[in-house]
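# Notes for the structure review
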Amino acid sequence: MTQDTYFADALKSWRHAFHREPETGFEEVGTSQRVATILESLGLEVHRGIGGTGIVANLRVGEGGGAIGIRADMDALMIAEQAPGRAYASQVHGKMHACGHDGHMSMVLGAAKLLAGSRDFNGTVRFIFQPAEEHGRGAKAMIADGLLERFPIDAIYGVHNMPGIPAGHFATRAGGIMASEDNFVIRIRGKGTHAARPHMGIDPLVIGAQIVLALQTVVSRNVDPGHPAVVSCTEFVTDGIRNAIPTHVVIKGDTRSYTPDVQQLLESRMREICIGICAMHGAHCEFEYTHEFAPTVNWAENTALAVKAARSVTEPATVDADVAPMMASEDFGVFLQHVPGNFMFIGNGSGDAPGAIPLHNACYDFNDAILPLGARYFARIVRDSLPR
């Protein structure tokens, strides 16, 4: 067995172990223990319980004062895995690693293994294993727990596997690469009545329908066409029955954008539309708008370094340095609001390849073939950032 094969097998073994025992946000007790045990076996200084179940492991080499953060997310999703022939399928009912965080952890652990063995850099690497990425809470929790004061870093780097991109290809861009996510709840109180006597009530269904349609004009008529934005109503709930017009309607959904100005515009226009339409019909309106995910905005200098590192570990032609931004959200954006860094996509598979199954799908699986490549990419980031 060659050393490369041994390395790949180790990463795959770690990944399959994580996959069998998925844990959701802030409940990653067993996962973080497994991560810490592996890191300690590599000789790293490990700190547990950062922001709940988060882990930080330090690897210091030489006298250099620089410090680089390499981040992985740890949480799984509340999705029942549909993979009866998968030997390492989830053993936890209703939960699975449907977003590939099991692979992200294994790649970062692989980078730690490479760097602990070679020690061919000068400075400090901090391997950051973050809880609760899926609901946008883990990065804030770690930062609130003193992550950046206790473990200062000059820059931070992360990756996400991406079905639809050929396996092993890299893609990133300077500036906004993933959007913010804001959630909204609209509560309409009308006046219920018999379905045969609508004139006796105030119909919140009709009001809600008008609001859903009107909200679609916010992006098309209020947002600069050069600024991406999405407003989506995703739930419409009433307390009515077949022969009774309801009193209450609740509309829920989310918005996506890239800048604070657009976020503010979406919130203010949506509030005005909802309150205005309700007032026009004599109904009462409550409008809630919360900020869940920050946009992920890459720093130009760190993106150039990341692109160079990717091109050094694979064919340069397979690295896209100006990929189109995505409207999905990623908790990594919070880190980039505090320190410079870059977020990179690594292809999981395209076309008919198994790795092309979409994220958050019950049949999804991380592509084991890209594990060593991701580990080498992170190791190259460190060597280029902290040269001897």
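Structural data are supplied above this passage.
Residues numbered from 1 in each chain as written. Predicted model: local features only at pLDDT ≥ 70, side-chain atom pairs only at ≥ 80, totals over all residues. Heavy atoms only, no water.

### Some points on the sheet that holds strand β6 (residues 170–171)
Convention followed: When DSSP locates at least two bridges between a pair of strands, those strands are taken to pair. Going along the chain from the N terminus, every DSSP run of H or I of four or more residues is numbered as a helix, and every run of E of two or more is numbered as a strand. Contact criterion: two residues are considered in contact whenever any of their non-hydrogen atoms come within 4.5 Å of each other. Orientation is described by axes fitted as lines to C-alpha atoms, over the contacting stretch for helices, and by angles from 0 to 180 degrees between their N-to-C directions.
The eight strands are arranged β1-β2-β4-β3-β5-β16-β6-β15 in an open sheet whose pairing can be described as mixed. Single-partner strands in this sheet number two, and they are β1 (45–50) and β15 (319–320). As judged from the seven bridges shared by strand β2 (residues 54–61) and strand β4 (residues 123–130), these two strands associate in the antiparallel manner. Across the sheet, Asn58 pairs through a bridge with Arg126, a residue of β4. Taken strand by strand, helix α8 (residues 300–313) contacts β5 (155–163), β6, β15 and β16 (341–349), and its axis lies near 35° from that of β16.

### A look at α8
Quick reminder of the rule: To estimate how far a helix should reach, multiply one less than its number of residues by 1.5 Å. With a 1.4 Å probe rolled over the protein chains alone, any residue whose accessible area is under 20% of its type maximum counts as buried; one over 50% counts as exposed, and the rest are partly exposed. Think of the arc as the fan of directions from the helix axis to the C-beta atoms.
With 14 residues, α8 should cover 20 Å at 1.5 Å per step; its first-to-last C-alpha distance of 20 Å lies within 8% of that length. Buried within α8 are the following residues: Asn302, Thr303, Ala306, Val307, Ala309, Ala310 and Val313. Summarising the axial view, the buried residues of α8 lie within an arc of 165°, below the 170-degree limit, and thus occupy one face. Away from its buried face by more than 90 degrees, α8 exposes Ala300, Glu301 and Lys308. At its buried positions, α8 is contacted by β5, β6, β14 (296–298), β15, β16 and α10 (371–385).

### Looking at the layout of surface pockets
Put simply, the rule is: In the cavity and pocket records, a cavity denotes points on a 1 Å grid over the protein atoms alone where a 1.4 Å probe fits but cannot get out, a pocket denotes an open set with protein on both sides within 12 Å along at least 5 of 7 lines, and lining residues are residues with an atom within 4 Å of a point. Grid points are joined across faces, edges and corners, and a volume is the space filled by probe spheres set on the points. Gly is put with the polar residues, along with every residue not named as nonpolar or charged; the nonpolar set is Ala, Val, Leu, Ile, Met, Phe, Trp, Tyr, Cys and Pro, and the charged set is Asp, Glu, Lys and Arg.
Approximately 390 Å³ is the volume attributed to the largest pocket. Contributing to the lining of the largest pocket are 20 residues, with Glu134, Glu181, Phe293, Ser329 and His360 lying nearest its centre. Elements supplying a minimum of two residues to the lining of the largest pocket: β5, β8 (180–189) and β13 (284–293). Taken together, the residues that form the lining of the largest pocket break down as eight nonpolar, five polar and seven charged. In this structure, the second largest pocket encloses a volume near 150 Å³. Together, Gln3, Asp4, Tyr6, Phe7, Lys113, Leu114, Gly117 and Arg376 line the second largest pocket. Breaking the lining of the second largest pocket down by element, the ones donating at least two residues are α1 (3–20) and α3 (101–118). The greatest single-element share of the lining of the second largest pocket, amounting to four residues, is contributed by α1. A class-by-class count of the residues in the lining of the second largest pocket yields three nonpolar, two polar and three charged.

### Considering the packing of α1 against α3
Where we set the bar: Crossing handedness is read from the near helix: turned anticlockwise from the far helix by less than a right angle, it gives a left-handed crossing, and turned clockwise, a right-handed one.
Closest axis-to-axis distance for the α1/α3 pair is 9 Å, and the angle between their directions is 145°. Where α1 crosses over α3, the handedness of that crossing is right-handed. Between α1 and α3, the contacting residues are Tyr6, Phe7, Leu11, Trp14, Arg15, Phe18 and His19 on the first element and Asp102, Gly103, Met105, Ser106, Leu109, Gly110, Lys113 and Leu114 on the second. Here the residues of the contact of α1 with α3 sort into eight nonpolar, four polar and three charged.

### Some remarks on unusual backbone geometry
Phi at Ala132 is positive, roughly 50°, even though this residue is not glycine. Relative to the assigned elements, Ala132 resides in the loop between β4 and α4 (138–144). The exposure class of Ala132 is buried, given its relative accessible area of 4%. A positive phi angle, near 65°, is found at His360, a position not held by glycine. Looking at the secondary structure, you find His360 in the loop between β16 and α10.

### Remarks on the side chain of Asn298
Short version of the rule: Any pair of N or O atoms that falls within 3.5 Å is considered a polar contact. Within protein, one atom must be able to donate a hydrogen and the other to accept it, and sequence-neighbouring residues count only if both atoms are side-chain atoms.
Mapped onto the fold, Asn298 is located in strand β14. Judged by its relative accessible area of 4%, Asn298 is buried. Among the polar contacts listed, one links the side chain of Asn298 to the backbone oxygen of Arg173, at a separation of 2.8 Å. Here Phe343 takes part through its backbone nitrogen, which lies 2.7 Å from a polar atom of the side chain of Asn298. In this structure, Asn298 is in contact with Thr172, Arg173, Ala174, Gly175, Ile177, Thr303, Leu336, Gly341, Asn342 and Phe343, ignoring residues within four places of it in sequence.

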